[in-house]
Amino acid sequence: MSSLYMIDQMSSFTHVKLSFLQIFSNGLVKRVEWETSNDLSSNGYKYSKDVIIDSTKPISARIFLSDTLGSTCRLPVLVYFHGGCFIVGSTKWLGYHTFLGDFPVASQSIVLSVDYRLAPENRLPIAYDDCYSSLEWLNCQASSEPWLERADLSRVFLSGDSAGGIISKLSADEIDATSQNYHPLLILDFRIINLLLLSSTSN
């Protein structure tokens, strides 16, 4: 049996242990606390802001912008879904915050990074449903959210790594089949990103 997967019969609760997750027999789920970033202040050339997609579920997201104050040009939107095997991960993780914060600067775009609900508390296809909810929110809020006032909804891209890559691919297929429901938002492409490859080639 793998050392990462053990049933602890000696505990008062029978539970599953992973290197980053514990599931107790009473339903309690504990995750390893990863380093996060809650610094939403401007960083000289980039900005970030947390928004609520749906407070009842809940679904949240973080918007990243580059410092292009005074510019009126419309910008494409990258909707990003983090990885983590559907059971861990957050747009607030320091690695994602840094990577996605730099992306708008390099690409002159707006990034909407979505914190979808995690399993096992929220079983699939809830993560996919949260993707659709975030796109519907983007469609509705682009005209009223100041951070999205320059968003070009005719140039929307889906992307993600690991589980987020699967979400972006399946969601792009579904949205393509029901495009009328998302007009005027238009998905142009999707990309699955290997963050390990990016980190190894950037050094």
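Please refer to the structure higher up on the page.
Rules used throughout
Residues numbered from 1 in each chain as written. Predicted model: local features only at pLDDT ≥ 70, side-chain atom pairs only at ≥ 80, totals over all residues. Heavy atoms only, no water. Helix = DSSP H or I, 4+ residues; strand = E, 2+ residues; numbered from the N terminus. Buried < 20%, exposed > 50% of the residue type's maximum accessible area, 1.4 Å probe, protein only. Contact = heavy atoms within 4.5 Å. Pairing = 2+ DSSP bridges. Right-handed = clockwise from strand over helix to strand, strands pointing away. Phe/Tyr/Trp six-rings, centres within 6.5 Å; stacked < 30°, edge-to-face > 60°.

Engineer: Which residues make up the overall build of the chain, and what are the values?
Structural biologist: Tallying secondary structure elements over the chain gives four helices and 10 strands in all. For the chain, the N- to C-terminal ordering of α and β elements is β-β-β-β-β-β-β-α-β-α-β-α-β-α. By residue count, 42% of the 203 residues in the chain fall in the buried class. Sequence-distant contacts in the chain: of pairs separated by 6 or more residues, those separated by 24 or more amount to 67%.

Engineer: Please provide a residue-by-residue account of the pairing of strand β7 (residues 75–81), values included.
Structural biologist: Along a regular strand, successive side chains alternate from one face of the sheet to the other. Most of β7 is tucked away, with seven of its seven residues classed as buried. Two elements, β7 and strand β9 (residues 151–160), share six bridges in a ladder whose sense is parallel. Following the sheet pairing, L75 is matched in β9 by A151. The pairing of β7 with strand β8 (residues 110–115) spans five bridges and is classified as parallel. Counted as the bridge partner of V79 is L112 from β8. Once the chain exits β7 it traverses helix α1 (residues 94–107) before rejoining the sheet at β8, and the crossover so formed is right-handed.

Engineer: For the packing of aromatic side chains, give the residues involved together with the corresponding values.
Structural biologist: Evaluated as defined, the whole model comprises five aromatic pairs. Seen in terms of ring centroids, W93 and Y96 are 6.1 Å apart; in terms of plane orientation they differ by 20 degrees. Their pairing is stacked. The residues W93 and Y96 share a single accessibility class, namely buried. Between F99 and F103 the ring centres are 6.3 Å apart and the planes differ by 65 degrees, which places this aromatic pair in the edge-to-face class.

Engineer: Any details on unusual backbone geometry? Residues and values, ideally.
Structural biologist: Of note, the amide linkage connecting A119 to P120 takes the cis form, showing an omega dihedral of 5 degrees. Note on placement: P120 falls in the loop between β8 and α2 (126–141). Omega for the peptide link from L124 to P125 comes to 15 degrees, which places this bond in the cis form. Tracing the sequence through the fold places P125 in the loop between β8 and α2.

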